[in-house]
Amino acid sequence: MKTQKFLLTEQEMPRQWYNIMADMPTPMEPPLHPGTGQPCGPEDLAPIFPMNLIEQEVSTQQWIDIPEEILDKYAIWRPSPLFRARNLEKALDTPARIYFKNEGVSPAGSHKPNTALAQAYYNKVAGTKKITTETGAGQWGSSLAMCCSFFGIECKVFMVKISYNQKPYRRLMMETWGANCTASPSTETKAGRSILEKDPDSPGSLGMAISEAVEEAVSDENTKYALGSVLNHVMIHQSIIGLEAMKQMEMAGDYPDVIIGSAGGGSNFAGLAFPFARDKINGKNIDIIAVEPTSCPTMTRGPFAYDFGDTVQMTPLLPMHTLGHNFVPAPIHAGGLRYHGMAPLVSQLILDGIIRPEAIHQLETFKAGITFARSEGYISAPECNHAVAMTVREALKAKEEGKEKVILFNWSGHGLVDMASYESYFRGNLADHDLPQEQIDAALKDLETLPKPKQAK
Ligand SMILES: Cc1ncc(COP(=O)(O)O)c(C=O)c1O
């Protein structure tokens, strides 16, 4: 029998996270204070985040020790298995060798607990009593709910309204893990009320939910805010995915020619890709592809600009690819990919030519997800199907070219709580959304008065 799973023991789990900040080909431009437009110091972030996480956010240290308490809890689901997708290879009749890292094995069903656990731990150490956050599909909110429960911290989640209605079971998972979940925009915050005044039927967006969560955090000194993607410290925590994958690819006797991840704020993609991107920065030839939905084309159609992370302009200005903080994407089922911005580290590496962004329409992603489910068995989250669809494209290209490529992708989460989206697909109720340029131009108008990064095109 041929090997399909490459497994590491707890003892082989990496003991340090990787921080790509130490290896960036171009130095990062700093975040700016939302009021003054001047570079943000650690003290400016202190009302929102605990100081130990702020230190990680600005750290240029290449390797960061993972505390023993985090390793003990990581061991609930880590190391995660690496699979050789032999059945998918056969179904596609491709000469490519396809591998995927299965992050769906965590109790919450995705990669999100890798950073939720770390953030809950560092908040606990700093004395935080309550954490607020936003969630799109509910993967992040449920992950944070679980990890707050591990450390006895209260958790409050603002869930984008469209997903709140589409995914009731995610809300119940949050409740099971002891969190309080509210549909956003809500009447509980000033930000929510001002949005509802302008648009009572707003489907919500991650930008709006972040505004609500940040507002609640800054109004109480024992409450902090946690973000599930975008920021540097999140990318650091997620690097455990790629570090494990490197050891597992070595066990398999292969090295990837192509690395693929879906990208909402960039964290599962970066988690898998950054340790390999270090090799690319040092001369290796790897095609590293970040995949986004065509209806929220942050990387492929958004400029590199300074923008707020949220709708009501409370967060620092970050240098990133963005569609504008007021951009509201079509209500596609991949809720976790409906974010207007992209991680500054991912954005910078796109400018540097280390990462290649691609956008894919919704229907192609479901079609690919079903091919994957009918060959490998696993049912993917709609976000994750973007990585699956790109993998299928690359595998078919390898077939056309008659090339024996090695493709590695991040299977970022299962879709067992997202079956309503599959039902919409099967019943013919899903459509592709072409985004008119005028809609992007209108949203980008809000950036005109903001400071510009030096590398703005
Ligand atoms: C399964 C899954 N994959 C991918 C994403 C996208 O987020 P990120 O780009 O931070 O990995 C999400 C976000 O909710 C998700 O739930």
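Asks: Hey, could you run me through the overall build of the protein in this one?
Replies: Helices and strands together make up the secondary structure of the protein, namely 18 helices and 15 strands. In terms of C-alpha radius of gyration, the protein reaches 20 Å, essentially the compact-globule figure of 23 Å for 457 residues. In terms of overall dimensions, the protein has a C-alpha envelope of 60 × 50 × 45 Å along the principal axes. Within the protein, the proportion of its 457 residues that are buried is 63%. Of the accessible surface of the protein, which amounts to about 16,800 Å², a share of 50% is contributed by carbon and sulfur atoms.

Asks: Any chance you could explain unusual backbone geometry here in plain terms?
Replies: A negative phi holds for most residues other than glycine; trans holds for most peptide bonds. Following Arg-78, the chain continues to Pro-79 via a peptide bond in cis, the omega torsion being -10°. Inspection of the secondary structure puts Pro-79 in the loop between helix H3 (68-74) and strand S4 (82-84). For the peptide bond that leads from Ser-184 to Pro-185, omega is 5°, which places it in the cis range. Tracing the chain through its elements places Pro-185 in the loop between strand S8 (180-184) and helix H9 (190-198). If you check the backbone angles, Val-230 has positive phi at about 70° while not being a glycine. Tracing the sequence through the fold places Val-230 in the loop between strand S9 (223-225) and helix H11 (232-252). Taking the relative accessible area as the measure of exposure, Val-230 reaches 2% and is therefore buried. Even without being glycine, Gln-313 reaches a positive phi, approximately 65°. Topologically, Gln-313 is positioned in the loop between strand S12 (304-308) and strand S13 (317-321).

Asks: Looking at this model, I keep getting lost on the pairing of strand S5 (residues 97-102). Mind explaining?
Replies: Where a strand is regular, its side chains alternate between the two sheet faces. The element S5 is extensively covered by neighbouring structure, given that 6 of its 6 residues are classed as buried. A two-sided burial pattern is seen for S5, the buried positions comprising Arg-97, Tyr-99 and Lys-101 on one face and Ile-98, Phe-100 and Asn-102 on the other. As judged from the 3 bridges shared by S4 and S5, these two strands associate in the antiparallel manner. Residue pairing for S5: Phe-83 is matched across the bridge by Phe-100.

Asks: Help me out: how do you make sense of the sheet that holds S8 in this one?
Replies: Two modes of strand pairing occur in sheets, parallel and antiparallel, and in both the strands are linked by backbone hydrogen bonds. Spatial ordering of the open sheet is given by S8-S7-S6-S9, a layout of 4 strands whose pairing is parallel. At either margin of the open sheet sits one strand with a lone partner, and together these are S8 and S9. Looking at each pair of strands side by side, their axes are set apart by 25° on average, direction ignored. Looking at chain direction, strand S6 (residues 130-135) and S9 are connected through 3 bridges and run parallel. Along S9, the bridge assignment pairs Lys-130 with Thr-223. Lying on the sheet, helix H6 (residues 139-151) is in contact with S6 and strand S7 (154-160); it crosses S6 at an angle near 160°.

Asks: I keep staring at the site of the ligand and nothing clicks. Help me out?
Replies: In the vicinity of the ligand lie 17 residues, with Ser-229, Gly-264, Ser-267, Asn-268 and Ser-412 positioned nearest. In this structure, a nitrogen atom belonging to the ligand sits 2.7 Å away from a side-chain N or O atom of Ser-412. Coverage of the ligand by the protein amounts to 97% of the 390 Å² it exposes when considered alone. Considered class by class, the residues forming the shell around the ligand number 3 nonpolar, 12 polar and 2 charged.

Asks: Sorry if this is basic, but what is going on with the packing of aromatic side chains here?
Replies: For any pair of aromatic rings, the description consists of the separation of the ring centres together with the inter-plane angle of the planes. Considering all chains together, one arrives at 20 aromatic pairs under this definition. On the numbers, 5.5 Å between centres and 15° between planes, the contact of Phe-366 with Tyr-425 is stacked. With a gap of 59 residues between them, Phe-366 in helix H15 (residues 362-376) and Tyr-425 in helix H17 (residues 419-426) connect regions that are remote in the sequence. An aromatic cluster is present here, built from Phe-83, Phe-100, Phe-372, Tyr-378, Phe-409 and Trp-411 joined pairwise through their rings.

Asks: Just to check I follow, could you spell out the packing of helix H5 (residues 113-126) against H11 for this structure?
Replies: The description of two helices packed together rests on the angle between their axes and the distance between the axes. Where H5 meets H11, the axes come as close as 8 Å, and the angle between the chain directions of the two elements is 125°. Taken as axis vectors, H5 and H11 run oblique relative to one another. Crossing of H5 over H11 shows right-handed handedness. Where H5 abuts H11, its residues Asn-114, Thr-115, Ala-118, Gln-119 and Tyr-122 lie against His-233, Val-234, His-237, Gln-238, Ile-240 and Ile-241. Residues of the contact of H5 with H11, tallied by class, amount to 5 nonpolar, 6 polar and no charged.

Asks: Sorry, what's going on with H15 here?
Replies: In an α-helix there are 3.6 residues to a turn, and that puts residues three or four apart on one side. Under the 1.5 Å per step criterion, the end-to-end length of H15 is 21 Å for 15 residues, consistent within 8% with the ideal 21 Å. Of the positions making up H15, those classed as buried are Gln-362, Thr-365, Phe-366, Ala-368, Gly-369, Ile-370, Phe-372, Ser-375 and Glu-376. Downstream of H15 by a residue or two, Gly-377 has a phi angle that is positive, lying close to 95°.

Asks: What's the story with the sheet that holds S4 in this structure? I'm lost.
Replies: The 7 strands are arranged S1-S4-S5-S15-S10-S11-S14 in an open sheet whose pairing can be described as mixed. This sheet does not close on itself; its edge strands, each paired only once, are strand S1 (5-6) and strand S14 (356-360). In this fold helix H12 (residues 267-281) packs onto S5, strand S10 (258-262), strand S11 (287-293) and strand S15 (406-411), with an angle of close to 155° to the strand it touches most, S10. Relative to S15, helix H16 (residues 384-401) is tilted by about 170°, and along the sheet it contacts S5, S10, S11, S14 and S15.

Asks: So what exactly am I meant to see when it comes to helix H14 (residues 344-351) here?
Replies: Of all 8 residues that make up H14, 7 are buried, and the element is covered over most of its length. Of all the positions in H14, only Pro-344, Leu-345, Val-346, Ser-347, Gln-348, Leu-349 and Ile-350 are classed as buried. On its buried face, H14 is in contact with H11, H12, helix H13 (298-301), S12, S13 and S14.

Asks: How do you make sense of the pattern of salt bridges when you look at a structure like this?
Replies: This model, assessed by the stated rule, comprises 21 salt bridges. The salt bridge partner of Arg-78 is Glu-103, with a shortest N-O separation of 2.8 Å. Separated by 25 residues along the polypeptide, Arg-78 in the loop between H3 and S4 and Glu-103 in the loop between S5 and H5 bring together distant segments of the chain. The residues Arg-78 and Glu-103 share a single accessibility class, namely buried.

Asks: Looking at this structure, I do not really get the environment of Ala-108. What am I missing?
Replies: Along the chain, the position of Ala-108 falls in the loop between S5 and H5. Judged by its relative accessible area of 1%, Ala-108 falls in the buried class. Sequence spacing of Ala-108 and Thr-223 is 115 residues, and the spatial spacing of their C-alpha atoms is 23 Å. Setting aside anything within four residues of it in sequence, one finds Ala-108 in contact with Pro-113, Gln-139, Ser-142, Ser-143, Met-146, Arg-170, Met-173 and Trp-177.

The rules behind these values
- Residues numbered from 1 in each chain as written.
- Predicted model: local features only at pLDDT ≥ 70, side-chain atom pairs only at ≥ 80, totals over all residues.
- Heavy atoms only, no water.
- Helix = DSSP H or I, 4+ residues; strand = E, 2+ residues; numbered from the N terminus.
- Rg over C-alpha atoms; globule rule 2.2 N^0.38 Å.
- Buried < 20%, exposed > 50% of the residue type's maximum accessible area, 1.4 Å probe, protein only.
- Areas by Shrake-Rupley, 256 points an atom, 1.4 Å probe, with all protein chains shown as cover.
- Pairing = 2+ DSSP bridges.
- Axes fitted to C-alpha atoms, helices over the stretch in contact; angles between N-to-C directions.
- Contact = heavy atoms within 4.5 Å.
- Near = heavy atom within 4 Å.
- Polar contact = N/O pair within 3.5 Å; in protein donor to acceptor, adjacent residues only side chain to side chain.
- Nonpolar A, V, L, I, M, F, W, Y, C, P; charged D, E, K, R; others polar.
- Phe/Tyr/Trp six-rings, centres within 6.5 Å; stacked < 30°, edge-to-face > 60°.
- Parallel < 35°, antiparallel > 145°, perpendicular 65-115°, else oblique.
- Left-handed = near helix turned anticlockwise from the far one by under 90°.
- Expected span 1.5 Å × (residues − 1).
- Salt bridge = Lys/Arg side-chain N within 4 Å of Asp/Glu carboxyl O.

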